[in-house]
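If you want the building blocks of each chain, they are given just below.
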Amino acid sequence: MLLKSSFTGLAFETASIALLLRGGNGLAVLGGYLALHMVSSALFALAIAAVAPQRYRQPRTWLLVYLFFFNFFIPVGGVLCALVALLVAVFWPKHRVEDYFDTSQAPAFVTARRREGSGFSGNRVRAQLGSVATPLDKRLNALVAIQSTPTRASGASLRNLLADPADDVRLLAYGILDGKEKKITQRIVDARHQLKSTTDTPTLLVLHQQVAELYQELIYQNLVQGDLLQYSCTQMREHAHAALAIDEAQPALWFMLVRLELMSGDLAAARLAQQRAQEHGFSRVRLLPYLAELSYLERDYEQVRKLFIEMAFDASVSSNPQLHRFWRHGRRTIANRPEAFPGGRP
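Caption draft 1: Broad picture of a nonpolar patch on the surface. Together, W62, V65, F69, F73 and I74 give the surface a local cluster of nonpolar side chains, amounting to about 550 Å² of exposed area. A relative accessible area of 35% means that I74 is categorised as partly exposed.

What follows is the structure in structure tokens.
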């Protein structure tokens, strides 16, 4: 098809030029030339479109129209220019933005992950921080390296450094802890200030929930201890219940209370919060570890085993295979195995 169109178009173009040069300058000669040149332009358009790079072939109709008029209005020169343009397009193609990107499959989402700072690098950083023999500049670099990690993972190391003999290390550790605590505390102060000046019920709901979540963050990140921890628990509980008094259908708040009451040791309140969370649609999969902990604290060990069987091989629930295997595959009655419990026989 390519060779046929090319040679036929060349023959028509040669005939049109020969007619124009030898036939005089009459109207019939001009009409014959235009007819022959029109046919050759159409054939050249087909031939050039057939060898054009793939990215330039669409839309095909407009490409053929463009090449036809280009060849028709620029006799001979149009074909030569089109061939030169094709060579440039083949050997020096224009790079587009999409040429640098490719489509890849989305990675599998895993809800359970290793605790921050628990890998090889994290252990090395903690070892450098805990060793007084390590040069001061390396200890400071290690301290700077962990300041962006969640305090829940690095809080113990930072608090140990508050009694460090090196002033620079001690002050930097205190500054990191104090800065993170102040950032959350300031948000609590702002939210509580808005609570005093707000009477709109939906806004009150949002603000109470926000304050409860901020206190939960202080507790979860291990930024408060002792009396401050007890105060934060009390405030979190009060604001969570204040929000639930406005709208009880808040499963996330009930879930927060499950965690809080388990930490506080109030098993009855934890069980009630767990029931309310499930009633309002909270995911049972996410509740399973807390249900197992609650059943363990209530000494319902058979229920613990059933819950571990229910969350079998679910990486989003448990990342401790030994613990999983102990509760799932125990053949003897759990209550008859006092060695399983640090405090003795249940």
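Caption draft 2: Inspection of the environment of I184 at higher detail. Structurally, I184 is set in helix α8 (residues 167-196). In contact with I184, other than residues within four places in its own chain, are L214, E217, L218 and L223.

Caption draft 3: Representation of the packing of aromatic side chains in the model. Scanning all chains against the criterion turns up four aromatic pairs. Consider the rings of Y215 and Y231, whose centres lie 6.4 Å apart with planes at 80°: the pair is edge-to-face. Here Y231 lies in helix α10 (residues 226-246) and Y215 lies in helix α9 (residues 201-220), a separation of 16 residues in the sequence. With relative accessibility at 42%, the residue Y231 sits in the partly exposed group.

Caption draft 4: Summary view of the side chain of H208. If you trace the backbone, H208 turns up in helix α9. Look at H208 and you get buried, because its relative accessible area is 16%. For H208, the contacting residues outside a window of four places in its chain are L195, H239, A242, A243 and I246.

Caption draft 5: Just the packing of α8 against α10, in detail. α10 packs onto α8 with a crossing angle of 40° between their chain directions and a minimal axis gap of 14 Å. Note that α8 runs across α10; the crossing there is left-handed. Contacts between α8 and α10 involve E181, R192 and L195 from the former and L228, Y231, Q235 and H239 from the latter. Here the residues of the contact of α8 with α10 sort into three nonpolar, two polar and two charged.

Caption draft 6: Expanded view of the confidence of the model for the protein chain. Of the residues in the protein chain, 69% have a pLDDT of 70 or more, and the chain-wide mean is 75. Within the protein chain, helix α5 (residues 120-130) has the poorest average pLDDT of any element, 62, and α10 the best, 91. Low confidence marks residues 110-121, where pLDDT is under 50. Its contacts with residues over four positions away, or in another chain, come to 13 contacts. Taken as a whole, residues 331-346 scores under 50 in pLDDT and shows 19 contacts with residues more than four places along the chain or in a different chain.

Caption draft 7: Spotlight on the nonpolar core. Ranked by internal contacts, the top residues of the largest apolar core, which has 54 residues, are L143, L158, I188, L218, L253 and L257. Put simply, the parts of the chain that give this core at least two residues each are α6 (136-146), α8, α9, α10, α11 (251-264), α12 (267-279), α13 (284-297) and α14 (301-310). Ranked by residue count, the leading element in this core is α9, at nine residues. Apart from residues lying up to four places away in sequence, L253 is in contact with Q209, A212, A240, A243 and L244. Counting residues in each nonpolar core, the second largest holds eight residues, with A45, A52, F68 and L86 among its members.

Caption draft 8: Structural view of the pattern of salt bridges. Inspection of the entire model under this criterion finds six salt bridges. Note that E279 is salt-bridged to R276, the shortest N-O span being 3.6 Å. Here E279 pairs with R276, and both are found in helix α12, just three residues apart, close to one helical turn. Residue classification places E279 among the exposed residues on the basis of a relative accessible area of 55%.

Caption draft 9: Inspection of α13 at higher detail. Between its first and last C-alpha atoms α13 spans 19 Å; for 14 residues at 1.5 Å apiece the expected length is 20 Å, and the two agree. Where α13 bends most, at Y290, the angle is about 30°. All buried positions along α13 are accounted for by L287, L288, L291, A292, L294 and S295. The secondary structure elements touched by the buried residues of α13 are α11, α12 and α14. Backbone nitrogen of V285 and a side-chain oxygen of the N-cap are separated by 3.3 Å at the start of α13; the cap is S283. Count one or two residues on from α13 and you reach R299, which has phi positive near 65°.

Reading the values: the criteria
- Residues numbered from 1 in each chain as written.
- Predicted model: local features only at pLDDT ≥ 70, side-chain atom pairs only at ≥ 80, totals over all residues.
- Heavy atoms only, no water.
- Patch = residues over 30% accessible without salt bridge, like charges linked within 9 Å, V, L, I, M, F, W, Y side chains within 5 Å.
- Areas by Shrake-Rupley, 256 points an atom, 1.4 Å probe, with all protein chains shown as cover.
- Salt bridge = Lys/Arg side-chain N within 4 Å of Asp/Glu carboxyl O.
- Buried < 20%, exposed > 50% of the residue type's maximum accessible area, 1.4 Å probe, protein only.
- Helix = DSSP H or I, 4+ residues; strand = E, 2+ residues; numbered from the N terminus.
- Contact = heavy atoms within 4.5 Å.
- Phe/Tyr/Trp six-rings, centres within 6.5 Å; stacked < 30°, edge-to-face > 60°.
- Axes fitted to C-alpha atoms, helices over the stretch in contact; angles between N-to-C directions.
- Left-handed = near helix turned anticlockwise from the far one by under 90°.
- Nonpolar A, V, L, I, M, F, W, Y, C, P; charged D, E, K, R; others polar.
- pLDDT = per-residue confidence, 0-100.
- Core = buried A, V, L, I, M, F, W, Y, C linked by side-chain atoms within 4.5 Å.
- Expected span 1.5 Å × (residues − 1).
- Bend = angle between axes of the 7 residues up to and from the residue.
- Polar contact = N/O pair within 3.5 Å; in protein donor to acceptor, adjacent residues only side chain to side chain.

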